[in-house]
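Architecture and fold: a report
Chain by chain, the residues:
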Amino acid sequence: MTETQFSKKVRNYIESRLKDKYPSLKIKERVNILNNLTIGNIRNEWKIILGFLEQDIVIYKDAIDVNEIKNDRIFIPRGTKDKKIIIPLAVLELKISDNLITHHFITYGVIARELKSIFPHCVYYFISSGGKRKFNPETLLRHTKEFDRVFLDWSREKQNIVKNLLLHLDHLKEMKII
């Protein structure tokens, strides 16, 4: 199975489980998310630079049109696909287990930390397809602490993943975030 096939499988399953309780939520694959803000000098002028990264699956309700915030002091890269700032409620980073290495945990952990510094209400789950690759518990503890949850076997844990997502979304609803 490819990562694209895995992504479609996960999105379809999650979407089918959330649609009745949260019909207004959008669940999309390969979405650019605002991940960082930087102040930089662009052509002799200090600007706020918005940085975006593509995420595998994003669950969200709201988005801000970049034209609503664009001005002379905010620099938005031309490559921003959607021309929107998605307000994520949950991000699911997916990996095929056979290709999984500790570097993935470290890299995506940094991305999770940066994203959550902008969107503190957003959970970031790392989900692997399952398979033969196993990690020592101490390796997982050291390298996955930036994630809200790590699931290493999609097929075995998919119901638990949905349960955790629903708990998170219910909490956001209680807090009147959604």
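Residues numbered from 1 in each chain as written. Predicted model: local features only at pLDDT ≥ 70, side-chain atom pairs only at ≥ 80, totals over all residues. Heavy atoms only, no water.

**Here's the deal with the packing of aromatic side chains**
- All chains considered together, the criterion is met by seven aromatic pairs.
- Here the aromatic rings of Phe 105 and Phe 135 are separated by 5.1 Å at their centres, their planes lie at 70°, and the arrangement is edge-to-face. One end of the pair, Phe 105, is in helix H3 (residues 102–118); the other, Phe 135, is in the loop between strand E5 (123–128) and helix H4 (137–143), and 30 residues separate them in sequence.
- Overall, Phe 105 belongs to the buried group, its relative accessible area being 0%. (Phe/Tyr/Trp six-rings, centres within 6.5 Å; stacked < 30°, edge-to-face > 60°. Helix = DSSP H or I, 4+ residues; strand = E, 2+ residues; numbered from the N terminus. Buried < 20%, exposed > 50% of the residue type's maximum accessible area, 1.4 Å probe, protein only.)

**A word on the pairing of strand E4 (residues 84–95)**
- Across the twelve residues that make up E4, a large majority, ten, are buried.
- Alignment of strand E2 (residues 46–65) against E4, held across eight bridges, turns out to be antiparallel. The partner of Ile 64 across the bridge, within E4, is Ile 85.
- Following the chain from E4 across H3 to the adjacent parallel E5, one finds a crossover that is right-handed. (Pairing = 2+ DSSP bridges. Right-handed = clockwise from strand over helix to strand, strands pointing away.)

**Observations regarding the pairing of strand E1 (residues 26–41)**
- Strand direction decides the pairing type here: E1 and E2, joined by 14 bridges, are antiparallel. Counterpart to Gly 40 in the pairing with E2 is Lys 47.
- In this structure, the hairpin formed by E1 and E2 is closed by a connection of four residues, where Arg 43 is found at a positive phi of approximately 50°.

**Some details on a nonpolar patch on the surface**
- Among the surface-exposed residues, Leu 37, Ile 39, Trp 46 and Ile 48 lie close enough to one another that they form a single nonpolar patch of about 430 Å² accessible area.
- When residues of the nonpolar patch are traced back to their parent elements, those giving at least two are E1 and E2.
- Within the fold, Ile 39 resides in strand E1. (Patch = residues over 30% accessible without salt bridge, like charges linked within 9 Å, V, L, I, M, F, W, Y side chains within 5 Å. Areas by Shrake-Rupley, 256 points an atom, 1.4 Å probe, with all protein chains shown as cover. Salt bridge = Lys/Arg side-chain N within 4 Å of Asp/Glu carboxyl O.)

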